[in-house]
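Spelled out from the first residue to the last, the chains are:
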Amino acid sequence: MSTGTRPAKTSDVDTMQDIGALAGMRFAQVDDPRIAACADDDPVDSDELRTWIDGGHAWVALDDDVVAWNRPYYERRGFRILTSDEIGRELSARVAEEEAHGLLAELRVCMGRPV
C-alpha cells in the first residue's frame, strides 16, 4: 500500500466533492448528534475548492486502500496538532466559518507537517 499527500489539482475537484458527500454519509452513522447534524451538508462548492487549490491550500491524501480521514491517520504521517499560536488568521477564519455551518471546532483539530 502506498500512502502520502500531494497538492490538489483542479482535476481532483469532482473526486473531492464525491469524498465530501461520502463523508456526510459516514457522519450520519456517528452516535454523536453534533457530528451527525453535519451529515446533510453539501460538499464544498467547486469554485471554492478551485480557489483553495489555486492558492496552494488544498492537499489530497494518496492511498491504495481506504483512507481513514482522521487525526490518527495524519499523525502516523508526521502531522501534529498546531498550537493556538501557530494557527494563523486565515485558518482561524476558516475554522470559524465552518463552525458557523455546524462543524464544531471542539470536535476538530488543526494539524500541520513540515514540508
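Model, not experiment: these values are computed from the prediction.

Enquirer: Can you lay out helix α1 (residues 13-28) for me, pointing to particular residues and giving the numbers?
Expert: Taking 1.5 Å as the rise per residue, α1 with 16 residues should run 22 Å; its terminal C-alpha atoms sit 23 Å apart, in good agreement. Taken together, the buried positions of α1 are Val13, Met16 and Gly24. The arc that holds every buried residue of α1, seen down its axis, measures 90°, which confines them to one face. The exposed set on the far side of α1, more than 90 degrees from its buried face, consists of Asp14, Asp18, Met25 and Arg26.

Enquirer: Before we move on, could you go through the pattern of salt bridges and cite the residues and values that matter?
Expert: A complete count under the given rule lists 6 salt bridges for this structure. Across the salt bridge formed by Asp47 and Arg50, the nearest N and O atoms sit 3.7 Å from each other. With Asp47 and Arg50 both in helix α3 (residues 46-54) and 3 residues apart, the pair spans about one turn of that helix. For the salt bridge of Glu97 with Arg94, the shortest nitrogen-to-oxygen distance reads 3.2 Å. Pair noted here: Glu97 and Arg94 are both in helix α5 (residues 89-100), with a separation of 3 residues, about one helical turn. Overall, Glu97 belongs to the partly exposed group, its relative accessible area being 37%. What makes Arg94 buried here is its relative accessible area of 17%. Each of the salt bridges in this network shares a partner with another, and the network as a whole consists of Glu48, Arg94, Glu97 and Glu98.

Enquirer: Could you give an account of the nonpolar core, naming the residues involved and the relevant values?
Expert: If you look at the biggest cluster of nonpolar residues, it comprises 7 residues: Ala8, Val13, Met16, Leu49, Ile53, Ala58 and Val60. Elements with a contribution of two residues or more to this core: α1 and α3. Residues within four places of Ala8 in sequence aside, it is in contact with Met16, Ile53, Ala58, Trp59 and Val60.

Enquirer: Can you explain the environment of Gly20? Please cite residues and give values.
Expert: Following the sequence through the fold, Gly20 ends up in helix α1. Considered as a pair, Gly20 and Asp41 are 21 residues apart in the sequence and their alpha carbons are 9.0 Å apart.

Enquirer: With reference to specific residues and values, describe the packing of α1 against α3.
Expert: The contact between α1 and α3 brings their axes to 10 Å, and the two run at 120°. Considering the angle they form, α1 stands oblique to α3. Regarding α1 and α3, the two cross each other, and that crossing is right-handed. Across the interface between the two elements, Val13, Met16 and Gln17 of α1 pack against Ser46, Leu49, Arg50 and Ile53 of α3. The class makeup of the residues in the contact of α1 with α3 is 4 nonpolar, 2 polar and 1 charged.

Conventions and cut-offs
- Residues numbered from 1 in each chain as written.
- Predicted model: local features only at pLDDT ≥ 70, side-chain atom pairs only at ≥ 80, totals over all residues.
- Heavy atoms only, no water.
- Helix = DSSP H or I, 4+ residues; strand = E, 2+ residues; numbered from the N terminus.
- Expected span 1.5 Å × (residues − 1).
- Buried < 20%, exposed > 50% of the residue type's maximum accessible area, 1.4 Å probe, protein only.
- Arc of directions from axis to C-beta.
- Salt bridge = Lys/Arg side-chain N within 4 Å of Asp/Glu carboxyl O.
- Core = buried A, V, L, I, M, F, W, Y, C linked by side-chain atoms within 4.5 Å.
- Contact = heavy atoms within 4.5 Å.
- Axes fitted to C-alpha atoms, helices over the stretch in contact; angles between N-to-C directions.
- Parallel < 35°, antiparallel > 145°, perpendicular 65-115°, else oblique.
- Left-handed = near helix turned anticlockwise from the far one by under 90°.
- Nonpolar A, V, L, I, M, F, W, Y, C, P; charged D, E, K, R; others polar.

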